[in-house]
2 protein chains.
Amino acid sequence: MQKLSDIQIDELLKLIEGWKLANDKWLEKKYRFQDYLIGVEFVQKIANLSEELNHHPFISIDYKLVTIRLFSWRAKGITELDFELVKKYDEVYKELMP
Amino acid sequence: MQKLSDIQIDELLKLIEGWKLANDKWLEKKYRFQDYLIGVEFVQKIANLSEELNHHPFISIDYKLVTIRLFSWRAKGITELDFELVKKYDEVYKELMP
């Protein structure tokens, strides 16, 4: 899968909420949770998805704030797969924090 | 709980493996796993422990590398509680990666 151009990334970012290109490198979003363990459950679900697709984002848990960073190492950039995952992660969040 | 002095921290660090004082601030250890989902299970267990004790470390998952950072916000430093948790985390790791 080829990496997307900056213009393509900008266009795709307009269609989603809360995501940005951080450090000119990775797609990043900070998810906030009302409950610590719901945030941890979110991480668990994201991790299972990542393993299925063999595409693992960087994840951090800072109490009720979970940060996700996506990057495609093989393509050395952002690919369509990253944007597909963005949507899946947002869906998981919506399920847990309706 | 009062924060420990630098000398106390140095002495306690000698008794444990892989932990260091990072950025002159928090206790940090990087745990490496053979399997991504075992690392995620480790995070789940650490999180449950943290919630029970109401003392939540910073956690990051970078594929098979899990980083834990401990700090006592109320004491504005490292306390005995942090060192107690260090032992518990190492035990959990030992169970998962015998």
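A few points on the structure. Since we're looking at a predicted model, the values are computed, not measured. (Residues numbered from 1 in each chain as written. Chains lettered and ligands numbered in written order. Predicted model: local features only at pLDDT ≥ 70, side-chain atom pairs only at ≥ 80, totals over all residues. Heavy atoms only, no water.)

1. Some thoughts on the interface of chain A and chain B
- Facing the 17 residues of chain A at the interface are 17 residues of chain B.
- Of the roughly 1,600 Å² buried at the junction of chain A and chain B (both faces included), carbon and sulfur atoms supply 62%.
- Between the two partners, chain A and chain B, sit 0 salt bridges.
- Put simply, chain A and chain B have 2 residue pairs in polar contact (both at pLDDT 80 or more) between them.
- Per element, the largest residue contribution to the side of chain A that touches chain B is 9 residues, and it comes from helix H2 (residues 36-53) of chain A.
- For the side of chain A that touches chain B, a count of residues per class yields 10 nonpolar, 5 polar and 2 charged. (Contact = heavy atoms within 4.5 Å. Buried area = accessible area lost by both parts, 1.4 Å probe. Salt bridge = Lys/Arg side-chain N within 4 Å of Asp/Glu carboxyl O. Polar contact = N/O pair within 3.5 Å; in protein donor to acceptor, adjacent residues only side chain to side chain. Helix = DSSP H or I, 4+ residues; strand = E, 2+ residues; numbered from the N terminus. Nonpolar A, V, L, I, M, F, W, Y, C, P; charged D, E, K, R; others polar.)

2. A closer look at the nonpolar core
- Counting residues in hydrophobic clusters, the biggest one holds 60 residues, and the most contacted among them are Trp19 of chain A together with Trp19 of chain B.
- Non-local contacts of Trp19 of chain B, meaning those with residues more than four positions away in its chain, are made with Leu13, Leu27, Glu28, Lys29, Tyr31, Ile68, Leu70, Val86, Tyr89 and Asp90 of chain B. (Core = buried A, V, L, I, M, F, W, Y, C linked by side-chain atoms within 4.5 Å. Buried < 20%, exposed > 50% of the residue type's maximum accessible area, 1.4 Å probe, protein only.)

3. Re the pattern of salt bridges
- With the rule as written, the count across this model stands at 6 salt bridges over all chains.
- Here Arg69 of chain A makes a salt bridge to Glu28 of chain A, at a shortest N to O gap of 2.9 Å. With Arg69 of chain A in strand E4 (residues 65-70) and Glu28 of chain A in strand E2 (residues 26-32), the pair connects residues that are 41 residues apart, well separated along the chain.
- Here Lys29 of chain B and Asp90 of chain B are joined by a salt bridge, their closest N and O atoms 2.9 Å apart. Of this pair, Lys29 of chain B sits in strand E2 (residues 26-32) while Asp90 of chain B sits in helix H3 (residues 80-96), and the two are 61 residues apart along the sequence.

4. Side note on the relation of the copies chain A and chain B
- Mapping chain A onto chain B calls for a screw motion: a turn of 180 degrees about the axis and a shift of 0.0 Å along it, with 0.0 Å RMSD after fitting. Seen this way, the second copy is the image of the first under a two-fold rotation axis. Residue Ser60 of chain A, judged by its C-alpha, is the member of chain A lying nearest the rotation axis, at 2.0 Å.
- When you check the interface residues of chain A against chain B, 100% turn up at the interface there too, and the contact is symmetric in its surfaces. (Least-squares fit on C-alpha atoms with pLDDT ≥ 70 in both.)

5. Some details on the packing of aromatic side chains
- Summed over the entire model, instances satisfying the criterion amount to 16 aromatic pairs over all chains.
- Aromatic pair Trp19 of chain B and Tyr31 of chain B: ring centres 6.1 Å apart, planes at 80 degrees, arrangement edge-to-face. Residue Trp19 of chain B is located in the loop between helix H1 (6-13) and strand E1 (20-22), and its partner Tyr31 of chain B is located in strand E2; the two are separated by 12 residues in the primary sequence.
- Overall, the relative accessible area of 6% leaves Trp19 of chain B in the buried class.
- Residue class for Tyr31 of chain B comes out buried when judged on its relative accessible area of 1%.
- Here a set of aromatic residues connected by ring pairs shows up, and it is made of Trp19, Tyr31, Phe33, Phe42 and Tyr93 of chain A.
- Here the basic side chain of Lys25 of chain A rests over the ring of Phe71 of chain A, its NZ or CZ set 5.0 Å away from the ring centre. (Phe/Tyr/Trp six-rings, centres within 6.5 Å; stacked < 30°, edge-to-face > 60°. Lys NZ or Arg CZ within 6 Å of the ring centre and 35° of its normal.)

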